[in-house]
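# Structural overview for review
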Amino acid sequence: AQTVTQSQPEMSVQEAETVTLSCTYDTSESDYYLFWYKQPPSRQMILVIRQEAYKQQNATENRFSVNFQKAAKSFSLKISDSQLGDAAMYFCAYRSGFNFNKFYFGSGTKLNVKP
Amino acid sequence: DVKVTQSSRYLVKRTGEKVFLECVQDMDHENMFWYRQDPGLGLRLIYFSYDVKMKEKGDIPEGYSVSREKKERFSLILESASTNQTSMYLCASSLTGREEKLFFGSGTQLSVL
């Protein structure tokens, strides 16, 4: 089975600064999608960004971008110009391209944003 | 926008009780999921359903069962609740396709005393 590892249980960043959350995964599949989800204190998980394994270009959504290193099986999330509303749990997730119902989640990183 | 609604935000039950967690989605998604979220363990899949009356076990199905009688509704059942089932339960739904994302409910924090 695929595994997703987030090695940073908790991180802190100063407002307006940049922070990078790490994620590595283990798979033998060639076709897959990677996701970052945000879970704020309200508990509603929302999608931040997603990346297709076949695309070499890193995905970007406004202040959020990823550094996708396929050979290294690394998928980090960079948050630029951090805002207080970015404080949340962030989960990295892997979705198989062959078995669409297989989502694998990391253990999460709690991000604190200091004013 | 897709809405996934979980019937209870907080629930307190006694050991041995039968517990029903309900989830409803409003966007005609084929796939529905039940996850359990525990600190340090992330989300673990309990069961998923890809169609009405169809279900498959996830990674931790022991002690749980599910029911999907209608496309929009997916229920998680704890036949005899135990204290080790105290956890956050998240329901999610999605369309079929590898690029499709999960849409989540707001979770049910279940405490079994």
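For every chain, the first residue of the written sequence is number 1, and numbering continues from 1 along that sequence. For this description, chains carry letters from A and ligands carry numbers from 1, given in the order in which they are written. At least 70 in pLDDT is required for a residue's local features to be given in this predicted model, at least 80 for side-chain atom pairs to be given and counted, and no such filter applies to totals for whole chains, interfaces and linings, which use all residues. As a rule here, side-chain values cover all heavy atoms of the structure and leave hydrogens and water aside.

### Brief notes about the interface of chain B and chain A
Size of an interface: often given as the accessible area lost when the parts come together. Spelled out, the test is: Contacts are residue-level and defined by heavy atoms, with any inter-residue pair within 4.5 Å sufficient. Once two parts are brought into contact, the accessible area they lose, counted with a 1.4 Å probe and summed over both, makes up the buried area. Nitrogen and oxygen atoms within 3.5 Å of one another constitute a polar contact, given that in protein one can donate a hydrogen and the other can accept it, and given that sequence-neighbouring residues count only through two side-chain atoms. Segments assigned H or I by DSSP are reported as helices when at least four residues long, segments assigned E as strands when at least two residues long, and all are numbered from the N terminus.
Taken together, the contact between chain B and chain A spans 30 residues of the former and 23 residues of the latter. Taken together, the two surfaces of chain B and chain A that pack against each other cover about 2,200 Å², and 49% of this comes from carbon and sulfur. At the surface where chain B touches chain A, the tally comes to 10 residue pairs in polar contact (both at pLDDT 80 or more). Broken down by element, the side of chain B that touches chain A gets its largest block of residues, five residues, from strand 5 (residues 42-51) of chain B.

### Some details on the side chain of Ser 49 of chain B
For Ser 49 of chain B, the location among the structural elements is in strand 5. A polar side-chain atom of Ser 49 of chain B sits 3.0 Å from a polar atom in the side chain of Arg 68 of chain B.

### Focus: the confidence of the model for chain A
What counts here: The quantity known as pLDDT measures the predictor's confidence residue by residue, on a range of 0 to 100.
Confidence along chain A averages 93 in pLDDT terms, with 99% of residues attaining 70 or more. The element-level mean pLDDT for chain A is lowest in strand 11 (residues 103-105) of chain A, coming to 91, with strand 3 (residues 19-21) of chain A highest at 98.

### Digging into the environment of Lys 114 of chain A
All names here are of chain A. Along the chain, the position of Lys 114 falls in strand 12 (residues 109-114). Separated by 101 residues in sequence, Lys 114 and Val 13 place their C-alpha atoms 6.1 Å apart. Lys 114 has contacts with Ser 12, Val 13, Gln 14, Glu 15 and Leu 84, leaving out every residue within four places of it along the chain.

### Considering the state of the cysteines
Quick note on the threshold: Pairs of cysteine sulfur atoms within 2.5 Å are identified as disulfides in what follows. Working definition: with a 1.4 Å probe on protein chains only, accessible area under 20% of the residue-type maximum means buried, over 50% means exposed, and in between means partly exposed.
Taken as a whole, this structure holds two disulfides over all chains when the rule is applied. In this model Cys 23 of chain A forms its disulfide with Cys 92 of chain A; the gap between the sulfur atoms is 2.0 Å. Handedness of the Cys 23 of chain A-Cys 92 of chain A disulfide follows from its S-S torsion of about -70 degrees: it is left-handed. Highlighted residues: Cys 23 of chain A in the loop between strand 3 and strand 4 (24-26) and Cys 92 of chain A in strand 10 (residues 88-96), separated in sequence by 69 residues. Assigned by exposure class, Cys 23 of chain A and Cys 92 of chain A land together as buried. Two residues, Cys 23 of chain B and Cys 91 of chain B, share a disulfide whose sulfurs are 1.9 Å apart. Residues Cys 23 of chain B and Cys 91 of chain B are joined through a disulfide that is left-handed, its torsion about the S-S bond being -80 degrees. Remark: Cys 91 of chain B occurs in strand 9 (residues 87-94) and Cys 23 of chain B occurs in strand 3 (residues 19-25); sequence separation between them is 68 residues. Both residues of the pair, Cys 23 of chain B and Cys 91 of chain B, count as buried.

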